[in-house]
Amino acid sequence: MITEPIHFKETARKNLAAADLRENLRRATDHTLRLRQQAVSAVPEWEDLRAAAHGIKKESIDHLAGYLESFELRAIEAGCKIFWAETASQAVEYVVSVCRQRGASLVVKAKSMTTEEMELNPALEAAGIHPVETDLGEFIIQLAGETPSHITAPALHKSRTQIGRLFAEKLGIDFSEDPKELTRAARAVLREKFLKATVGISGVNFAVAETGSLVLVTNEGNGRLCTTLPKTHIAIMGIEKIIPRFDDLRVFLKLLARSSTGQKLTSYVTMITGPRKPREMDGPEELHVVLLDNGRSELLTHPHTREALYCIRCGACLNVCPVYQRVGGHAYGWVYPGPIGAVITPELQGLQRARELPYASSLCGSCSNVCPVKIDLHHMLLWLRKSAVEARLTSGAERWIMKMFVATMKHPRLYRWSGLLGRLAQMIFASKGKGLRIPHWSEGRDFPPLPNKSFHQLWNEGEVR
Amino acid sequence: MKIHLFIPCLVDQFYPGVAVSMCRVLKKLGVDYVYLTDQTCCGQPAFNSGYHREASELAERFLEIFKSAETIVAPSGSCVSMVKVFYPQLELSPPARQTLDRLGPRLFEFSDFLVRKLNVVDVGAQFKGKITYHDSCHLLRELGIQEQPRQLIRNVRGIEFVELDDMQTCCGFGGTFAVKFPDISTAMGSDKAAAIERTGADVVVANDSSCLMQIAGVLSRRRSRVVPMHLAELLAQGI
Amino acid sequence: MSGPADHSRQSLLAKLRRLSTPLPPLSKPPSKASGFESQCSPQPGVHEEVTDETISHLAQELRRLGGEFRTVALLESLSAAILQLARESNYKRVAVGSDPLLKDANLVSGLQNFQDFKVILNDSVPPPADQLKEALSKCQLGITGCEAVIADTATLVLTHGGFGGRSISLLPECHVVVARHSQVFNSLDDWMNSQSFAAGSLPSCTTLITGPSRTADIEKVLVTGVHGPLRLILLLVAGP
């Protein structure tokens, strides 16, 4: 939960000035986009898949209560325990109490943005339970004491040198800049944790209403280890993760892997239906599923933004966003950055505190264009701007300027006078052949000079008839 | 054929040459045009900033002015998408909505009008030089216009056409975005300018004066030799 | 269910019911009940024939992903092939799953004849989970069968019954999957079409494995072998 206003503009400016950060961001987003593009262009039915996915998500969200109940029924039949949490704190309390009851002192976690949203780790620490992030990116972030800057590549803002130094300092290994060596070092440290931990916590990519199954999509294998070795598995999912049928997975699996990393299929797609069954040799003895609302149901009442609940967290809108590419994830102030964050942070955490976010976009529409479930992200930002204006969250100066602007544009004569006024100002203040210096514009670019005559004048003088 | 010119305020005040060029091309193709002198702004700056009520007032006004038009043509993808895509989201009076329903399909962006409505891909223009093209966001993603400008450019005699790296990436203008976040906007513009310079082109063409204002502003600050040009200006060369 | 938990369930569900359209009542089994008709997927059909080209694509795709593809002509030569593999890489500890295919190949006795490495397996008395994970994490080689092989994406479908369960394909350094030619499907769609995913019939865990574990979390440099196996080898048995 954020309590202070998010200062996007301020952080963005700082991040823009950090050359190494921009370099890291650029390298990562360019690379991922290139892979995505190759993977997508090899699928002729891509647009049909997007449309199908949008349709399935619409169906899921339209019938959210029904599908969740169906999921609950099937999951309980398969041996799961279900906990419904209206708020993050209810979910955190439940998870902590399960860990305590199992006497857990060490918990292994697979990457889950939902647990970031709940601020689960600090709560576990406070309860004397040590949570270990096992996704390599999250592990790096946890060692550095930071928060993720991307929803699928949490440490994308860091260079190999920074990571090498971090590992040398925190893990006591020799400094190395070799990603393979660093990865092996993390493997060795984390393998020990996997074998010791009594509770594993994971997120959920899809929850199948028809069968009560949970689907987890990971590349590193940490998701499999977290859901296999510990005696207790706690899966935490936002209520929007539901899909009606097992069969729907064929659509989403194709879209998710290609959109997020450019893979045809993610290395491991794990489909879990209940805890270990009597004749099986391993797997957790108990499986708890936490269904988290935390503001999501509120989005159902917002006709223009409810489709943000269709998001499958692939991260493509972040990678493609020219703003994200330059300012990075931390500027967005909460767990979800980029265009999807600019939509859901105001919706889940309040427009009041996140008022700058809907404006953090040039409205270029690239985000909506790549979204595998066709969320109309940039148009949602426009609706949020409208809400900001209606809630009087914009400055008095801006409201006045808009009023003056409209008043001018409503009267052709006033409009033309202001054109003349501009020309007069230019004659007085600008050097010959140059435009005026405009605050905020002219720091990095030149402002165009006004020509002697407007089109309107030329037309009236008969030059273009 | 007779059309109504929709000349966005930015073009009227800063880039009248774009509108004049468009008229010249239309005349060459035998299209009659009229200009309704009461037109001002379509309301996009207000709409994009979230001021729907203010934008509605300008939309009502725009629709009233153009209500009897048969065909409208504008040299701007952005302002055309304001009317076609975003006016429907505004609260409008019933008569204005009726006008909008009628006018929406009759409003064309310039390159789209030439290629799809007139079936013209060669206007007979001549220009010597290397040309690259920037896809304006609204033109490309709100209106889906991608090939039309390229077809027209390729048929200009004497040019060499070269595609730009990341041609579909935003130039960083984004209306009020350019002044609300000048540093991000300029960073985006600088990358765009660098990509343009990398092509070795003499001229960068785009279809929206707002993008060109951003691109020209950055190129000029970099003392670049690349000339920014609206498609209409290129097509008017040599005719 | 405790009091507060029940309360949050009731309260959240009531809110969601108010805000969403009800589904037709569920009947058992739900997979064919209304509300679950698939809207988007092709109808189940016969799976397309697998050609030599399919197999060579599979091999190519698996190698592209950093996996390895080997074939053996006959089931009888499987032991020899695995032995050779173990020797090449100096693997000393091997775990063998209890899949019927591996039994048919007499893999266990085939491997046990060799003194220089230790084979752990047993399908008769499963060890307790704690011992199993300790033992398996000391193995360099884990050998399993699979449900299906999907050629298009080089995906191996594993359900985790039998010896070693989920861990045998996860903890050892190298995972060898043995499959028969007849288990190969052209695409994910083909395989899904051939299955019925009804409630109650699913194992606790099914995994689609596409290449060895990997990451690109450090400067987008691809590293294979993160937490899962460092190597993934598909051994396709060509003959009967």
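Presented here is a report on the structure given in the accompanying data block. (Residues numbered from 1 in each chain as written. Chains lettered and ligands numbered in written order. Predicted model: local features only at pLDDT ≥ 70, side-chain atom pairs only at ≥ 80, totals over all residues.)

**With respect to the overall build of chain C**
Here's step 1: For chain C, the helix and strand inventory stands at seven helices and twelve strands.
Here's step 2: In chain C, which comprises 240 residues, the share counted as buried stands at 44%.
Here's step 3: The long-range fraction of contacts in chain C, counting pairs at least 24 apart against all pairs at least 6 apart in sequence, stands at 77%. (Helix = DSSP H or I, 4+ residues; strand = E, 2+ residues; numbered from the N terminus. Buried ≥ 20, exposed ≤ 12 C-beta atoms within 10 Å, placed from the backbone. Contact = placed C-beta atoms within 7 Å.)

**A word on the overall build of chain B**
Here's step 1: Scanning chain B for helices and strands turns up 13 helices and eight strands.
Here's step 2: Here chain B has a C-alpha radius of gyration of 17 Å; the compact-globule value for 239 residues is 18 Å, and the two agree.
Here's step 3: With the C-alpha coordinates aligned to their principal axes, the bounding extent of chain B is approximately 50 × 45 × 25 Å.
Here's step 4: Counting contacts in chain B only where the partners sit at least 6 residues apart, residues at least 24 apart contribute 81% of the total. (Rg over C-alpha atoms; globule rule 2.2 N^0.38 Å.)

**Regarding the sheet that holds strand β5 (residues 126-133) of chain B**
Residues and elements named next belong to chain B.
Here's step 1: Taken in spatial order, the four strands line up as β6-β5-β7-β8 in an open sheet, and their pairing is parallel. Each edge of the open sheet is held by one strand with a lone partner, namely β6 (157-161) and β8 (227-230). Strand after strand, the sheet turns through a mean of 40° between neighbouring axes, direction not considered.
Here's step 2: As paired elements, β5 and β6 share four bridges and run parallel to each other. Paired with K130 across the strands is E160, a residue of β6. (Pairing = 2+ DSSP bridges. Axes fitted to C-alpha atoms, helices over the stretch in contact; angles between N-to-C directions.)

**A few points about the interface of chain B and chain A**
Here's step 1: At the interface, 52 residues of chain B touch 45 residues of chain A.
Here's step 2: Of all the elements in the fold, those that place two or more residues in the side of chain B that touches chain A are α1 (9-14), α2 (16-28), α3 (44-48), α4 (52-66), α8 (137-142), α10 (177-180), α11 (182-198) and α12 (209-221) of chain B.
Here's step 3: Split by residue class, the side of chain B that touches chain A holds 27 nonpolar, 15 polar and ten charged. (Nonpolar A, V, L, I, M, F, W, Y, C, P; charged D, E, K, R; others polar.)

**A word on the packing of helix α9 (residues 160-171) of chain A against helix α10 (residues 179-196) of chain A**
Residue and element names in this part refer to chain A.
Here's step 1: Contact pair α9 / α10: the axes reach a minimum separation of 10 Å and the direction vectors enclose 35°. The two elements α9 and α10 cross, and the hand of that crossing is left-handed. Of α10, the residues touching α9 (which contributes R160, I163, G164, F167 and L171) are P179, L182, A185 and V189.
Here's step 2: Partitioning the contact of α9 with α10 into residue classes produces seven nonpolar, one polar and one charged. (Left-handed = near helix turned anticlockwise from the far one by under 90°.)

**Notes on the arrangement of the chains**
Here's step 1: Comparison of the two pairs of chains in contact shows the highest number of contacts for chains A and C.
Here's step 2: In this assembly chain B lies apart from chain C, the nearest approach of their C-alpha atoms being 20 Å.

**Focus: helix α16 (residues 338-349) of chain A**
Residue and element names in this part refer to chain A.
Here's step 1: The end-to-end C-alpha distance of α16, which contains twelve residues, comes to 15 Å, matching closely the 16 Å that a straight helix rising 1.5 Å per residue would cover.
Here's step 2: Most of α16 sits inside the fold, with twelve of its twelve residues counted as buried.
Here's step 3: Among the residues of α16, those classed as buried are G338, P339, I340, G341, A342, V343, I344, T345, P346, E347, L348 and Q349.
Here's step 4: Note on α16: the residue one or two positions beyond its end, G350, has a positive phi of about 100°. (Expected span 1.5 Å × (residues − 1).)

**Topic: the sheet that holds strand β7 (residues 232-238) of chain A**
One key point about sheets: their strands pair by backbone hydrogen bonds, in either a parallel or an antiparallel sense.
Residue and element names in this part refer to chain A.
Here's step 1: Taken in spatial order, the six strands of this open sheet run β1-β10-β7-β4-β2-β3, and their pairing is parallel. Two strands lie at the open edges of the sheet, namely β1 (81-85) and β3 (130-133), each paired on one side alone. Shown here is a sheet whose adjacent strand axes are inclined to one another by a mean of 20°, direction ignored.
Here's step 2: One ladder, built from four bridges, connects strand β2 (residues 106-109) with β3; its direction is parallel. In the sheet register, V108 faces β3, and the bridge partner there is V132.

**Remarks on helix α6 (residues 129-137) of chain C**
Residues and elements named next belong to chain C.
Here's step 1: Within α6, the full set of buried residues consists of A129, L132, K133 and L136. What you see down the axis of α6 is that its buried residues fit within an arc of 95°, all on one side. Exposed side chains of α6 directed beyond 90 degrees from the buried face belong to D130 and Q131. (Arc of directions from axis to C-beta.)

**Focus: unusual backbone geometry**
Residues and elements named next belong to chain A.
Here's step 1: One non-glycine residue, E119, lies in positive phi territory at about 55°.
Here's step 2: By the C-beta count within 10 Å, which is 15 here, E119 ends up partly exposed.
Here's step 3: Positive phi outside glycine occurs at L363, with the angle close to 60°.
Here's step 4: Accessibility expressed as a C-beta count within 10 Å gives 26 for L363, which makes it buried.

**Some thoughts on the pairing of strand β12 (residues 231-237) of chain C**
Residues and elements named next belong to chain C.
Here's step 1: The element β12 is largely enclosed, with a buried count of five among its seven residues.
Here's step 2: Direction of pairing for strand β1 (residues 68-72) relative to β12: parallel, over a ladder of five bridges. Across the sheet, the residue bridging to V72 is V237, located in β12.
Here's step 3: Sheet analysis places strand β7 (residues 174-180) next to β12, joined by seven bridges and oriented parallel. Paired with V178 across the strands is L235, a residue of β12.

**Section: the environment of V25 of chain B**
All names here are of chain B.
Here's step 1: Checked against the element boundaries, V25 lands in helix α2.
Here's step 2: Each C-alpha atom of the pair V25 and A232 lies 7.6 Å from the other, and the pair is 207 residues apart in sequence.
Here's step 3: When neighbours within four sequence positions are excluded, V25 is seen to be in contact with V123, A232, L235, A236 and I239.

**Points about the nonpolar core**
Here's step 1: Membership of the largest hydrophobic core comes to 288 residues, with the highest contact counts inside it found for V290 of chain A together with V149 of chain C.
Here's step 2: Excluding residues within four positions of it along the chain, V149 of chain C makes contact with L58, L156, A179, Q183, V184, F185 and L234 of chain C. (Core = buried A, V, L, I, M, F, W, Y, C linked by C-beta atoms within 7 Å.)

**Side note on the interface of chain A and chain C**
Here's step 1: Each side of the interface is counted separately: chain A has 79 residues, and chain C has 64 residues.
Here's step 2: For the side of chain A that touches chain C, the leading source of residues is helix α4 (residues 64-77) of chain A, giving eight residues.
Here's step 3: Of the residues contributing to the side of chain A that touches chain C, the split by class is 32 nonpolar, 26 polar and 21 charged.
Here's step 4: With five bridges joining them, strand β9 (residues 268-272) of chain A and strand β9 (residues 205-210) of chain C adopt antiparallel strand pairing. Bridge pairing in β9 of chain C links Y268 of chain A to I209 of chain C.

**Quick word on the pairing of strand β1 (residues 2-5) of chain B**
Residues and elements named next belong to chain B.
Here's step 1: Pairing analysis gives four bridges linking β1 to strand β2 (residues 32-35), with the strands arranged parallel. Of the residues in β2, the one forming a bridge with H4 is V34.
Here's step 2: Bridge analysis of β1 against strand β3 (residues 72-74) gives two bridges, and the strand direction is parallel. Bridge pairing links H4 to I72 in β3.

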